[in-house]
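Close look at the chain arrangement
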Amino acid sequence: MNRARVVGTGSALPERRLTNADLEKMVQTSDEWIVERTGIHERRILEEGQAASDLAATACRRACEAANVPPTDVDCVIVGTVTADMPMPSCAALVAHKIGCRPGTPAFDVAAACAGFLYGLSVADAFVARGSYRHILVVGVEVLSRIIDWSDRSTCVLFGDGAGAALVTAESDGKRGLLSSHLHADGSLAKDLCIPAGGSAEPLTAQALAEKRNKVTMNGREVFRYAVKNLSAACEQALAHNHLTADDVNLVVAHQANLRIVEGVAARVGVPLERFFLNLSRYGNTSSASVPIALDEAVRQGKCKINDNVLMCAFGGGFAWGSAVMRW
Ligand code: UT7
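Residues numbered from 1 in each chain as written. Predicted model: local features only at pLDDT ≥ 70, side-chain atom pairs only at ≥ 80, totals over all residues. Heavy atoms only, no water.

This brings us to the sheet that holds strand E13 (residues 320–327). Strand order in the open sheet made by the four strands is E8-E13-E12-E11, with mixed pairing throughout. Among the strands making up the open sheet, the edge pair consists of strand E8 (177–185) and strand E11 (251–254). For this sheet, the mean inter-axis angle between neighbouring strands, taken without regard to orientation, is 10°. Pairing geometry for E8 and E13, over eight bridges, is antiparallel. Each bridged residue has a counterpart across the sheet, and for Leu 183 the counterpart in E13 is Gly 322. The sheet contacts of helix H5 (residues 116–130) involve E8, strand E12 (309–316) and E13, and relative to E8 the element is tilted by about 125°. Against the sheet, helix H11 (residues 290–300) engages E11 and E12, with an angle of about 145° to E11. (Pairing = 2+ DSSP bridges. Helix = DSSP H or I, 4+ residues; strand = E, 2+ residues; numbered from the N terminus. Axes fitted to C-alpha atoms, helices over the stretch in contact; angles between N-to-C directions. Contact = heavy atoms within 4.5 Å.)

Shown next as structure tokens:
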């Protein structure tokens, strides 16, 4: 049976840096609080006039280049995002057009918030296992700066913009590629991390806009608690499924939301923190883009070697979360 194997990665980060010192001038916060509670030092903000599909297209071109597969050979584009250019069409359709995929190439978005890339990877794996497609671009992109309430210190210090992409190919050697994915969701906890207005439940009104109900609202403590618990459980599920122990894991690419969450997962799963790839100090939480950006940086730093076991995990709004193991 074919498996999805990553043959090229790419990422794109906006030039503009927003530091903790900048935030001190905007809300009642301090560099000390942000670093101590989250590990974040700065994040990137997309310039006006640019949209998610622009960032995603750059990440995709880089992934195609790294894989030596031209966009005209890409058979499908899957984008995880909560900040598509517009509610319709999908971000993926715009990305496929921008990078020059063949007209008619299937492209669609998956809505799983911070777990969007892992959900996309799992769908891509099912496509290649079935023989539907050979080369698939799996992307995570967010322009969270556009859906953040910049006067809410409990959220605005956490998030950033960015895009990451992986080109996966059908691998038939029976050893390398995606060994497993375990996806989960629990809508009963939706209110703890959501954007209340702007959808069919609460269409945008002048009042909703005035109350900033079209911006991210979060119960940070609850999200934190569930994130550590559910990410750890999903990682343990992945290891057990593949008959691997913590010692067999060469690299963990975890969702980059908060250093304390990653530390909590590392302690519970028993993989030393040194084996977790970390870049959240530079980019903050980029939601669905966080895992593929970290994966791209890890690959480019030579941290993914042939036959390494790479464990990935993500948790976010929904709640939606999951884990995956890739034999590199
Ligand atoms: O991608 C998935 C989505 N999100 C996450 O994974 C985030 C999960 N949650 C977290 O990372 C943490 O809960 C936060 C970083 C959001 C907050 O850290 P915390 O240690 O849970 O702080 P807290 O919410 O318990 O707040 C502690 C205090 C509060 O003051 P009082 O009530 O103790 O007086 C807050 O008002 O810190 C205050 N506070 C701040 N102070 C300075 C909240 N935000 C800030 C801030 N600067 N930016």
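What follows is about the nonpolar core. Counting 47 residues, the largest nonpolar core has Phe 276, Leu 311, Phe 315 and Phe 319 as the members making the most contacts within it. Elements with a contribution of two residues or more to this core: helix H8 (220–241), E11, helix H9 (259–269), E12 and E13. Ranked by residue count, the leading element in this core is H8, at nine residues. When neighbours within four sequence positions are excluded, Phe 276 is seen to be in contact with Val 252, Ala 254, Val 262, Val 265, Ala 266 and Val 271. Counting residues in hydrophobic clusters, the runner-up holds 33 residues, among them Ile 78, Val 128, Val 138 and Leu 251. (Core = buried A, V, L, I, M, F, W, Y, C linked by side-chain atoms within 4.5 Å. Buried < 20%, exposed > 50% of the residue type's maximum accessible area, 1.4 Å probe, protein only.)

This paragraph deals with the pattern of salt bridges. Counting across every chain of the model gives nine salt bridges. In this structure, the salt-bridge partner of Glu 42 is Arg 17, at a minimum N-O distance of 2.8 Å. Taken together, the residues Glu 42 in strand E3 (residues 42–45) and Arg 17 in strand E2 (residues 16–19) connect sequence positions 25 residues apart. In this structure, Arg 300 and Asp 296 form a salt bridge, with 2.7 Å as the shortest nitrogen-oxygen distance. One end of the pair is Arg 300 and the other is Asp 296, both in helix H11 and four residues apart, which spans about a single turn. (Salt bridge = Lys/Arg side-chain N within 4 Å of Asp/Glu carboxyl O.)

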